[in-house]
Amino acid sequence: MPSFPADSPSMEASLILEDVTKRFRSGGRIVHALDAFSARVRRGTVTGLIGPDGSGKTTLMRLIVGLLLPDHGRLTALGIDVIRNPLAVQESVGYMPQRFGLYEDLTVRENLDLYADLQGVLPEQRSARYSELMHMTGLARFTGRLAGDLSGGMKQKLGLACTLVRSPDLLLLDEPTVGVDPVSRRELWSIVYRLVEQEGMTVLLSTAYLDEAERCQEVILIHQGKPVGQGKPGDFSARLTGRTFHVTSPVVNKRTLQESLARAPGVIDAVIQGDGVRLVTAPGASPDPAVLLPGRSDIRVAPVFPRFEDSFVTLLKKDSENPSPVFGKPDRRPAAPTEEDVIVVQHVKRRFGSFYAVKDISFTVRRGEVFGLLGANGAGKSTTFRMLCGLLPASEGMLRVAGKDLRRAAAMARARIGYMAQRFSLYAGLSVLENLRFFSSVYGLRGGNQRKRLEWAMNEFQLGSMADVISGNLPLGYKQRLALAAALMHEPEILFLDEPTSGVDPLARREFWNRINALSVQGVTILVTTHFMEEAEYCDRLVIMADGEILSQGTPADMKERFRSAERPEPSLEDAFIGLMETRQPRELVS
Amino acid sequence: MLNRIFALMIKEFLALLKDKRSRTVIIVPPLLQLIVFGYAATYDLNRVPYAIYNEDPGAASRELAARMEGSPTFHLVADLQNDSQIAPMINARKALMILHMGPHFTRDLLLDQSSKLQVIVDGRNSNTAMLALGYVRNIVSRFSEQWASEHGGVRPPARLNIRTWFNPNLESRWFIVPGIVGLLTLVVTLLVTALSVAREREAGTFDQLLVTPLHPVEILLGKVMPGFIIGSIEASFIILVAVFWFHVPLLGSLTALYTGLFLFLLSAIGVGLMISSIAVTQQQGLLGAFLFLVPSIILSGFATPIANMPPFMQDLTLLNPMRYFLVIIRSVFLEGGSVSLLWPQYWPMAVIGMVNLSIAAWLFRHRLY
Amino acid sequence: MKTMKHPDSTRRSAGMRLHGMIRKETLQILRDPSSIAIAFVLPLVLLLIFGYGVSLDAEHVPIALVVEHPSAQTSSLTSAFYHSPYFDPTGYPHIRQAEEALREKKVDGIVWLRDNFGGETLSAGRSPVGVFVNGVDANNARIIQGYMEGVWAKWLEQFSAAQGMSVEMPVTLEQRIWFNPGLRSRDYLVPGLIAVIMTLIGALLTAMVVAREWERGTMEALMVTPVSVREILLGKIIPYFILGMGGMLLSVAMAVWLFQVPLRGSLWVLLGTSALFLLVALGMGLLISTLAKNQFMAGQVAIITTFLPAFILSGFIFDIGSMPAAIQWITRLIGARYFVAILQTVFLAGHVWPVILANSLALLIMGVIFLALVKRRTQKRLE
């Protein structure tokens, strides 16, 4: 190998992207997946590629490994020109796609063998490498198990192991932590760092979880195909030092508080966190309560450390032209807060064959509450959710929704609930207007009434300009608005949201939650499942589920309080979640 | 309720026809297949290749050979000179048959009033062989009669006077083309319905429907109607092509035909929706549609008569809606069948349709995974 | 852990990759009962349904016998019909009832002996026997006519001989039917069915396998390894080829032992040509799968392009030579057409090299074209 001078840029950077542009054609429109994207990834670092879904992360990864050709620009990986020599890149780069191609009908060992064969790992080298990988990923006990029978976290670790059968110099991981529970997520991160330290690997990892950015040594922010910034995560947060606060009020409801704070002068971002509101102010703006909310002296403003998300949102808000929408008058007068239980779950069990997906759970939800259902994949939260929507009968126990027993009056209960599924599940082939018209008709709206609601949806959700666009071609944020609009056409009393904001960018997520808050203020009860721990903060109360059981129940603040300790004075909900899981762990090992 | 079903129906139509690719799949292949199969599927022989091996110098053999050559059914491909040429001709399928006239063909006829014509037929396709032999026999017996009347030989004491009803020239196209109406209607209906529920399940939209106050029967009706409308339009179009392009006579009443079509669509949609609601994935739906389609074509009497099947298989065909529809459509086309005559064909389809639709509706809600 | 590049190790790692792909595909086949079912259960079931269900040999055809004036002659003629294995006669007192029965499809034909049926009229050469056949199914009607003429001719001969008359015609036909003297339709239908069924199976086996890898995201993971397109494709073709040959052997065994179709050619020629055909069928399935990229489209296209064309345009049941020229040209695009010709020949006629070689060449060309197209359309890029 010819020797480069030590300071040569190609040695310094494992990956160089210059002016990379990639366009796709989608439904007659041209989408700029990547727009003159330039960036460098330093050798021996863990670099995070951070951006919401659809921002171009996956396209970028695919371009780097030569699976796509750019329309314009240059890519150099490990000193190799990707466009000219994709095979050479593929031989030295490890790439784990978002949905890693595990063969679910092969065992762990057989998957490893396949990739070892394909990567040219000689048989005599394998056993040492395998045992190293199995030890690292904790899969040693499961080598004979079918990959399809592994949990989400284990699958992800196996995918990583398969990518690593031949130790690559550059490792690309496309959203490795999606759909993985927080415990496995931590483990994956520790594996990544071990690789960097032990094998001197360079890692480029994409993620939509903003809290993960803080674990990277360096981050590249990407939004709508353009780099928004690059640097150490701490640098981003540092810029906001002195501009982040936590606001609480003993009197005012946190939602009302958030609503008024969001409109206050000098406020860039206001989100509900725990029992109060997290605030990011403009540079130089005073956090004085008198300035923020004139006439309110009862609020308390405490400074907090800036988070990465704060800086990301600040960056994005600077770019975006349209400010977050201001809601019109509530279309229903605010309901007086009541103690009435609108959802009652009592000793509910759900069995599939001999397997209990839900084991004897009980909880109640009051009118006007935002209630969260938290848990990892397979914890039973989807099953519970489906039972509450009437999609699945309970094997045992009692379910009452809107005062109706689901066993007897399911159809009547269904008329009073709205449902928004996890994936976009309206008719992708129909236009926006056709979808809305269909769902409103199905709920019995017609004539002038229907026209009025359609008009309302078009205005409220700013869908007017998109009315005739095929829903499947909508940008993700619009899809989500449309789905919510469809669920609200018949003004339901209860709204069920299944992982409503997964993959949506932070701005759209804020906008979404603003709407939900407004609904909740009007007395609509909201039941939401999520695995975004930050999102759980928006809930009034929540339950955390694991293995079909309720581990904990209460307000977000209560949950965090239980895990406050000397080394964790400010525990996050994720800390609480992991703490809860760890207290369970021993039991699982015994069983 | 009507309002909601109407909304469902509009939705189904939009979902089916708005996308260019799925529109193409529903419309283009059936029409192409109609034309191609309409011409291809025939048992009538046409330009059958044959060779003559005539060792006889006489006039009678030449006369007979000329008659063969004059027939549009046959097409002379070779004039053989010796025995050894026969086998390669037949083996290589260059000729389906060989007419061999011995050296004394004319002499024997003149002297003994009796001569032999040897016909060697390739029996690999026994049906073609049988038909070709029939045609030759006809030509030869007409030749014989004429010879007998000219040369004062024996004449047959009596002849069978055969008349065929409904299809006097025995054109097999008259039989096959109405069958294609049934065949393609079934394929289209299954393509439209067999995946419709599975596709919605995979896209998550079915859950979205189930959480609305819609009753399963309403959902069912919303799914049945598009199959009905698309099926009837395509079937009507194929019927028009059969009448005006292929010139198959349509003698019976349209009422009888459309009553049959209505019930056939009902039963086909029933089967399609049942497959669809059993299937978890579209792939299973597709495989199910396929596994239903193939035997129901074979066991319908489309190409080969049901009466030729062993008894247990004939009983099996009773479950096949296409079997009944083929009887109806052929009867209406060629025999002028009426509603009262076809009653025994109507009710089984109605029963099959209702049973399948009920199962499908039940499965909408009770299929748990 | 860099591997050094010299020819030997390159070859070694290429061999390793191919071996890995084949093993993976084989394990998947073994784990997924549906491919085994498609390869072995499907031919079994289809061959049973087709083999018994598709027959052109009419037997026990229900006919009506109307005798207006019973006599010794009429009873000898009717008993000839009663004794024929082809007919299942029912007596009707009057022609009107018989016609009614024909209309209601209770009978397929009527033999009507009028009141002038007797010795003297027979010799007078008039036709006192009326025959009506339901001609809706033209082919079946022709076959029934043939049987009736046969029964009639035999009876006439016996009758004339009894009266000391000769009814011999000037020219008698001496027919020799080669390969299938009994004209059993099953003997030619069953070999043809094998071609139709193997078309189905070849396409069903492979039509979804590439699409499936795209849908499950495994293709992307394969693409970024050093494996070449050729290795991916070979890794798919080889296991399914072996599976398909297994299905083929099963079909041949059923044809020979269950349906008693004579196999006059050698098993080796049969297997060799089957291998060629299987390449065409698998190639077509892979092409569908590659072009469609999702299982839904792949499945729809497979249904439309395999079964019906193979059924109607392959010459398995409808004679290609009798189709219009344009349609005959279209049949050249159907791989099953060539295989049907080979199968019917190898089973019934034996080694007729001109037929076998010409059709094998056509299969070879089709197979090469399909596989070349698949190779071209599968690129190590996602666009």
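No experiment lies behind these values; they were computed from the predicted model shown.

1. Considerations on the overall build of chain A
Scanning chain A from terminus to terminus reveals 21 helices and 24 strands. Taken along its principal axes, the extent of the C-alpha atoms in chain A is 75 × 60 × 55 Å. Taking all 591 residues of chain A together, 58% fall into the buried category. Where the 72 positive side-chain charges of chain A centre and where its 70 negative ones centre are 5 Å apart.

2. Observations regarding the packing of helix α14 (residues 321-335) of chain B against helix α15 (residues 339-366) of chain B
Residue and element names in this part refer to chain B. For the pair α14 and α15, the least separation of the axes is 9 Å and the interaxial angle reads 150°. Once α14 is placed against α15, the crossing between them reads as left-handed. Contact residues: P321, Y324, F325, V327, I328, S331 and V332 in α14; L342, Q345, Y346, P348, M349 and I352 in α15. Across the contact of α14 with α15, the residue classes tally to eleven nonpolar, two polar and no charged.

3. With respect to the domain arrangement of chain B
On domain assignment, one finds that chain B holds domain 1 (11-41 + 171-366) and domain 2 (48-151). Its C-alpha centre places domain 1 of chain B at a distance of 47 Å from the equivalent point of domain 2 of chain B.

4. Topic: the sheet that holds strand β1 (residues 61-67) of chain C
Taken in spatial order, the five strands make up an open sheet running β5(B)-β4(C)-β3(C)-β1(C)-β2(C), and their pairing is mixed. One side of each edge strand has no neighbouring strand; the edge strands of this open sheet are β5 (161-165) of chain B together with β2 (87-92) of chain C. Averaged over all pairs of adjacent strands, the angle between strand axes in this sheet comes to 20°, irrespective of strand direction. Where β1(C) meets β2(C), six bridges bridge the pair, whose relative direction is parallel. Bridge pairing in β2(C) links P62(C) to D88(C). Running at roughly 155° to strand β4 (residues 129-134) of chain C, helix α6 (residues 138-162) of chain C makes contact with β5 of chain B together with β1, β2, β3 (109-113) and β4 of chain C of the sheet.

5. Regarding the packing of aromatic side chains
Under the defined criterion, the tally for this structure stands at 33 aromatic pairs over all chains. Seen in terms of ring centroids, F438(A) and F439(A) are 5.0 Å apart; in terms of plane orientation they differ by 70°. Their pairing is edge-to-face. The class for F438(A) is buried, based on a relative accessible area of 4%. Since its relative accessible area comes to 2%, F439(A) is described here as buried. Geometrically, the ring pair formed by F311(C) and F316(C) is tilted, given 5.6 Å between the ring centres and 50° between the ring planes. Residue F311(C) shares its accessibility class with F316(C), and that shared class is buried. Through a chain of ring-to-ring contacts, the aromatic side chains of W165(B), F166(B), W112(C) and F132(C) assemble into a single cluster. Geometry around W456(A) places R453(A) over its ring, the cationic atom sitting 3.9 Å from the centre.

6. Notes on the confidence of the model for chain A
Residues and elements named next belong to chain A. Per-residue pLDDT for chain A averages 82, and the proportion of residues at 70 or more is 92%. Predicted confidence for residues 321-334 stays below pLDDT 50, and this span has 19 contacts to residues more than four positions away or in other chains. The low-confidence segment residues 586-591 (pLDDT under 50) makes two contacts with residues lying over four places distant or belonging to another chain.

7. Quick look at the domain arrangement of chain A
When the parts come together, some accessible area is lost, and that loss is often what is quoted as the size of the interface. In terms of domains, chain A is made up of domain 1 (9-231), domain 2 (239-319) and domain 3 (426-491). Between the C-alpha centres of domain 2 of chain A and domain 3 of chain A there is a distance of 33 Å.

8. Some thoughts on the pairing of strand β23 (residues 541-546) of chain A
Residues and elements named next belong to chain A. Summarising burial for β23: six of the six residues are buried, a large majority. Relative to β23, strand β17 (residues 370-375) runs parallel, the two being bridged by five bridges. Across the sheet, residue L374 finds its bridge partner in β23, namely I544. Bridge count between β23 and strand β24 (residues 549-554): five bridges; the pairing is antiparallel. Each residue of the ladder has a partner; that of A546, found in β24, is E549. Here β23 folds back onto β24 in antiparallel fashion, the turn holding two residues, of which D547 has a positive phi close to 50°.

9. Focus: the interface of chain A and chain C
Counting residues at the interface gives 40 residues for chain A, matched by 33 residues for chain C. Summed over both sides, the interface between chain A and chain C buries roughly 3300 Å², with carbon and sulfur atoms accounting for 57% of that surface. When the buried area of chain A at its contact with chain C is split by residue, L67(A), Y103(A) and L118(A) rank highest and sum to 21% of it. Taken together, the links from chain A to chain C amount to three salt bridges. The shortest N-O distance in the salt bridge between R23(C) and D117(A) comes to 2.7 Å.

10. A few points about the side chain of T530(A)
All names here are of chain A. Following the sequence through the fold, T530 ends up in strand β22 (residues 525-530). With a relative accessible area of 2%, T530 lands in the buried category. Beyond its immediate stretch of four places on either side in the chain, T530 contacts L373, L374, G375, K381, E499, E535 and A536.

11. Here's the deal with the interface of chain C and chain B
At the interface, 101 residues of chain C touch 102 residues of chain B. Taking both partners together, chain C and chain B bury about 9300 Å²; carbon and sulfur atoms supply 69% of that area. The interface formed by chain C and chain B includes two salt bridges. Residues K105(C) and E335(B) are paired through a salt bridge, measuring 3.1 Å at the closest nitrogen-oxygen approach. The tally of links from chain C across to chain B stands at 22 residue pairs in polar contact (both at pLDDT 80 or more).

12. Section: the side chain of E25(C)
All names here are of chain C. Structurally, E25 can be placed in helix α1 (residues 7-31). On the basis of relative accessibility, which here comes to 0%, the residue E25 falls in the buried class. If we ignore the near neighbours within four places in the chain, the residues touching E25 are R212, E213, G235, K236, P239 and Y240.

13. Points about the sheet that holds strand β7 (residues 170-174) of chain A
Residues and elements named next belong to chain A. Spatial ordering of the open sheet is given by β6-β7-β8-β3-β9-β10, a layout of six strands whose pairing is mixed. Two strands in the sheet have a free side with no partner beyond their single neighbour: β6 (93-96) and β10 (226-231). Neighbour-to-neighbour, the strand axes of the sheet open up by a mean angle of 15°, direction not taken into account. Here four bridges tie β6 to β7, and the two strands are oriented parallel to one another. Across the sheet, the residue bridging to M96 is L173, located in β7. Contacts between helix α6 (residues 152-163) and the sheet are confined to β6 and β7, with β6 contributing the most and set at about 160° to the helix.

Conventions used here
- Residues numbered from 1 in each chain as written.
- Chains lettered and ligands numbered in written order.
- Predicted model: local features only at pLDDT ≥ 70, side-chain atom pairs only at ≥ 80, totals over all residues.
- Heavy atoms only, no water.
- Helix = DSSP H or I, 4+ residues; strand = E, 2+ residues; numbered from the N terminus.
- Buried < 20%, exposed > 50% of the residue type's maximum accessible area, 1.4 Å probe, protein only.
- Lys, Arg positive; Asp, Glu negative; His and termini not counted.
- Charge placed at Lys NZ, Arg CZ, Asp CG, Glu CD.
- Axes fitted to C-alpha atoms, helices over the stretch in contact; angles between N-to-C directions.
- Left-handed = near helix turned anticlockwise from the far one by under 90°.
- Contact = heavy atoms within 4.5 Å.
- Nonpolar A, V, L, I, M, F, W, Y, C, P; charged D, E, K, R; others polar.
- Domains from an automatic or database assignment.
- Pairing = 2+ DSSP bridges.
- Phe/Tyr/Trp six-rings, centres within 6.5 Å; stacked < 30°, edge-to-face > 60°.
- Lys NZ or Arg CZ within 6 Å of the ring centre and 35° of its normal.
- pLDDT = per-residue confidence, 0-100.
- Buried area = accessible area lost by both parts, 1.4 Å probe.
- Salt bridge = Lys/Arg side-chain N within 4 Å of Asp/Glu carboxyl O.
- Polar contact = N/O pair within 3.5 Å; in protein donor to acceptor, adjacent residues only side chain to side chain.

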